[in-house]
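# Observations on the model geometry
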Amino acid sequence: MSETSAPTDAVPAGGSREPQPGDRATGLGSWPGTDLHEAARTIVGELPGLPHVPELPARGVGADMVGRTAGLLVDLAVEVWPSGYRVARRAGGDHRRAVELLARDVDALDEALGEAGATPPAVKCQVAGPWTLAAGVELRSGHRVLTDRGALAEFAASLGEGLRTHVGELARRTQAPVVVQIDEPTLPAVLAGSLKTPSGYGTVGAVPGAEARALLEGAVTAARQAGAAEVVVHCCHPTPPLALLGATGPDAVAVDLGALGGADAPTEVLDALGELWEGGTELWLGIVPSTDPPAKPELGDLARPALDLADRLGVDRAHLADRAVVTPACGLAGASPGWARRATSTTVELARAFADPPDSW
């Protein structure tokens, strides 16, 4: 999260303070429970440098990753079938619910910032990427949107238009630059051809890497054109396509470092992470457990995978403070409310410690 990357047309952060080491920490989006306003207040209080729009999937239809992103679509609508989300002929109750829930999410963040009297250096929103969205929504035929190139292109273009409105509203209401996080947890399955067909007996054909890269690159470009100060591509899958993600041109790539194996990750994974870092792409490192651990972890133990990664890559550990952002391993929807709060505050503690490491590290 660089301090110089905001575009010239970004809304200035009026009265914003000098950047702090703890600013380089954030959450990845989802939050436990259904109390939206308490979630927003906690996020604003614990993440003063980069609070994010809260996601509470426990609220049900329209509040999950795919549903809330579908609520951004322009001139396209979805409805709920027994098999999941499906393209609708016109916007009905399911689609209107998704739109309304997302609007409430933005309202809650805006209200929490107002209550705190805060204008953060930046705020963040999260959207499902084009492949995850197209894999999670069916055509009226029952096949996934990603199986129809025309529908796929239409969804990608509609999402870009929706982002323009969403990012613009966030910037206007918060008076802060907006970071857009594009979530692609389903991309590895799209590339591997492991997604099931409607019958459940077959799989959807694998999408070539070049095609996958082109569509995701278009989403990154659309987010920038929408006014995003920075764009982050996030995939917490154990085998994310790191080279492909980096080739789409994001400012940062977010990963679950533990799922990758940390410093003990395969050589090809370490090489890909090293190339991203050396090429100027920031790494968002998921190193705080996203569900309740059996015992409270020590800060040094949580930091160790990142420290070891820097050592294995031959990168100065100081770059953990200026070219990395600390996050939970993934979203916090599966955590208890207490651990969600603690995990969030711990990311800030780690970011501060990377900037001023204890002698024991």
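In short, a report on the structure. (Residues numbered from 1 in each chain as written. Predicted model: local features only at pLDDT ≥ 70, side-chain atom pairs only at ≥ 80, totals over all residues. Heavy atoms only, no water.)

The subject of this paragraph is unusual backbone geometry. The backbone of D75 sits at a positive phi, close to 65 degrees, despite the residue not being glycine. Along the chain, the position of D75 falls in the loop between α2 (65-70) and β1 (78-81). On the basis of relative accessibility, which here comes to 77%, the residue D75 falls in the exposed class. Unusually for a residue other than glycine, Q175 sits at a positive phi of about 55 degrees. (Helix = DSSP H or I, 4+ residues; strand = E, 2+ residues; numbered from the N terminus. Buried < 20%, exposed > 50% of the residue type's maximum accessible area, 1.4 Å probe, protein only.)

A complete count under the given rule lists one aromatic pair for this structure. Directly above the aromatic system of W81 lies the positively charged group of R86, at a separation of 4.0 Å from the ring centroid. (Phe/Tyr/Trp six-rings, centres within 6.5 Å; stacked < 30°, edge-to-face > 60°. Lys NZ or Arg CZ within 6 Å of the ring centre and 35° of its normal.)

We now examine the environment of G45. With respect to the element layout, G45 can be found in helix α1 (residues 36-46). Owing to a relative accessible area of 55%, G45 belongs among the exposed residues under this scheme. Sequence spacing of G45 and S345 is 300 residues, and the spatial spacing of their C-alpha atoms is 9.0 Å.

With that settled, consider the environment of L152. Its location among the elements puts L152 in helix α5 (residues 149-174). Classification of L152 by relative accessible area gives buried; the value is 5%.

Moving on, we get to the pairing of strand β2 (residues 84-87). In this sheet, β2 lies alongside β1 in antiparallel orientation, the contact comprising four bridges. Bridging across to β2, W81 finds its partner in G84. Hairpin connection of β1 to β2: two residues between the antiparallel strands. Bridge count for β2 against strand β4 (residues 137-138) is two bridges, and the pairing is parallel. (Pairing = 2+ DSSP bridges.)

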